[in-house]
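Single-letter residue listing:
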Amino acid sequence: MQLDILGYQCKKCQTISYPYRTLCRKCGHDAFDPVPLPKKGKLLTFTQLFTLPGDFEVNDITLGIVELENGVRMTAQLKIDAPKMGMAVQGKVEVVRQAGYDKCRGMVFYPR
Amino acid sequence: MREVYVAGIGITSFTRLEYPLVEIAAYPAMMALKESGLRKIDHLYAANMGGGRINGQTGLASAVVDNLGLTPAGAETIENGPASGASALKEGFMAVASGMHDVVLVTGAERMRAVNNLEATDFVATLTHPYAEYIYGVTLPSLAGMFTRLHMDRYKVTPRHLAMVAVKNHGNAMFNPFAHLHQPITLEGILDSEDAATNNPVVADPLRFFDCCPVSDGAACLILSTAEVARKTGKPMVRLSGVGQATDTLCVHERDNPLELPAVRGAAAQSLKMAGKKPSDVDVAELHDAFTILEIVESEECGFFKKGEGHLALAKGETGLKGRLPINTSGGLKAKGHPVGATGVGQAHEIVLQLRGEAGERQVKGAKTGFTVNFGGFGNNVVSLCFTREK
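A brief look at the structure comes next. In this text, all values refer to a predicted model and were calculated from it rather than measured experimentally.

1. Focus on the overall build of chain A
Line of reasoning, step 1. Within chain A, the secondary structure is distributed over 0 helices and 8 strands.
Line of reasoning, step 2. Ordered by position in the sequence, the α and β elements of chain A form the string β-β-β-β-β-β-β-β.
Line of reasoning, step 3. For chain A, the spread of C-alpha atoms along the three principal axes comes to 45 × 35 × 25 Å.
Line of reasoning, step 4. Classification of the 112 residues of chain A by burial places 42% in the buried group.
Line of reasoning, step 5. Taking the contacts inside chain A whose residues are at least 6 apart along the sequence as the reference set, 43% of them involve residues at least 24 apart.
Line of reasoning, step 6. Accessible area of chain A: about 6,000 Å², with a carbon and sulfur share of 49%.
Line of reasoning, step 7. Seen as two clouds, the 16 positive and the 11 negative side-chain charges of chain A have centres 7 Å apart.

Structure below.
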């Protein structure tokens, strides 16, 4: 099975929410269609973080907010040596955090 | 609505405290009860964020009301993240204003140093969205880092401006015996010298160590009451004249404009409006500077300075102790410390001292209107309070 990060498109006003919400933020409707999100986008902002929660066994990680091609934004990890605001990025679903045997998958963005 | 006054105050040092959470919460309450001469209250609110998770203490308010021998008064624990303190004061305000209670004791307490810094940072990070933020390693410093980068790009805020907030607030804390950090710092030491990279390492680029508040234990208390009760204490009359609260999206990436903090703007406007004041009426303010950038941006969102000009006012000294609008005279979260559940009550404590004229060497002369912003999450739940000195 292909793992993916999904957006939720309101059946009434078509607004896509990410992450899932119970009621649409724009129109208040309560029914959504899961939709795939574009993997291409541009980097809005980022940070290299050195004080990590205990289950990260690395010195630092880079986090960013990416605006996808359809305008939906997401927070994700970056694997980019010298990130720049506005740069084009391409996302892939990978393991982003592992606590014991629990693997959390999320979006990781690379330079495009 | 009835008018609500401050009948008594108390505070612990913000530092590492090796006492049970219940006793930490009770100590400033004891001080406030002694100061006010009150022996009975109608209700107690205990503000706390992490007792259940990091101290194994749930039901804090029930334990504190008993510890103080104040049963059978009603008691509730209030949790609103790092804005728990101001939220509890808001609840206390509503209880007295509505006529339901005459005397309400609000104590905010936190004992976060029971765990190490990384565990404390991780515990605070549970405020973020569980699968759209937290799993990636998002922490509050990382959200602040990304926010800072946007402001540096758009408004030309520089690392020097950020460091100026830290230098100012560490300086103010030198006059506050209850502050966590009694450590004067200089731009030379944390920015310009050869040792600056060692003294002030990167935490969440572009934020460095001295851009971030410490992890503190501590507690603070205000007793809120009717005018009649407060007058009997013989203390200067300070009124809690305005409260405001607003929320924003949990995920920072969902904000319409990631450069803005609309919940700060909304909460601040409400509290000033209720108090019948304008931003220019405020004589002294305690803003939630968990990260240096926040003091700058909040000072704009509250209407003290134009958007994008908070850092310029700071550089001109307008927010210093002798400036036009002194901000964070206590040392702020940056140097006074940030015991999360206690912070909002601690901010109010400082404002009451200032309006009573009891702030010692950090006293803002003739202060009559004081104001606080207590920031829960990364700006997704903000409570603002306005206090006025009455005759």
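2. Things to note about the interface of chain B and chain A
Line of reasoning, step 1. Every contact between the two is made by 30 residues of chain B and, on the other side, 33 residues of chain A.
Line of reasoning, step 2. A per-residue breakdown of the area chain B buries against chain A is headed by B:Tyr136, B:Met146 and B:His253, which together make up 28% of the total.
Line of reasoning, step 3. Where chain B packs against chain A, one counts 3 salt bridges.
Line of reasoning, step 4. Between A:Arg97 and B:Asp122 there is a salt bridge whose closest N-O contact spans 3.6 Å.
Line of reasoning, step 5. Where chain B touches chain A, the interface holds 17 residue pairs in polar contact (both at pLDDT 80 or more).
Line of reasoning, step 6. Elements that contribute at least two residues to the side of chain B that touches chain A include exactly α5 (117–125), α6 (140–155) and β5 (202–204) of chain B.

What counts, and at which threshold
Residues numbered from 1 in each chain as written. Chains lettered and ligands numbered in written order. Predicted model: local features only at pLDDT ≥ 70, side-chain atom pairs only at ≥ 80, totals over all residues. Heavy atoms only, no water. Helix = DSSP H or I, 4+ residues; strand = E, 2+ residues; numbered from the N terminus. Buried < 20%, exposed > 50% of the residue type's maximum accessible area, 1.4 Å probe, protein only. Contact = heavy atoms within 4.5 Å. Areas by Shrake-Rupley, 256 points an atom, 1.4 Å probe, with all protein chains shown as cover. Lys, Arg positive; Asp, Glu negative; His and termini not counted. Charge placed at Lys NZ, Arg CZ, Asp CG, Glu CD. Buried area = accessible area lost by both parts, 1.4 Å probe. Salt bridge = Lys/Arg side-chain N within 4 Å of Asp/Glu carboxyl O. Polar contact = N/O pair within 3.5 Å; in protein donor to acceptor, adjacent residues only side chain to side chain.

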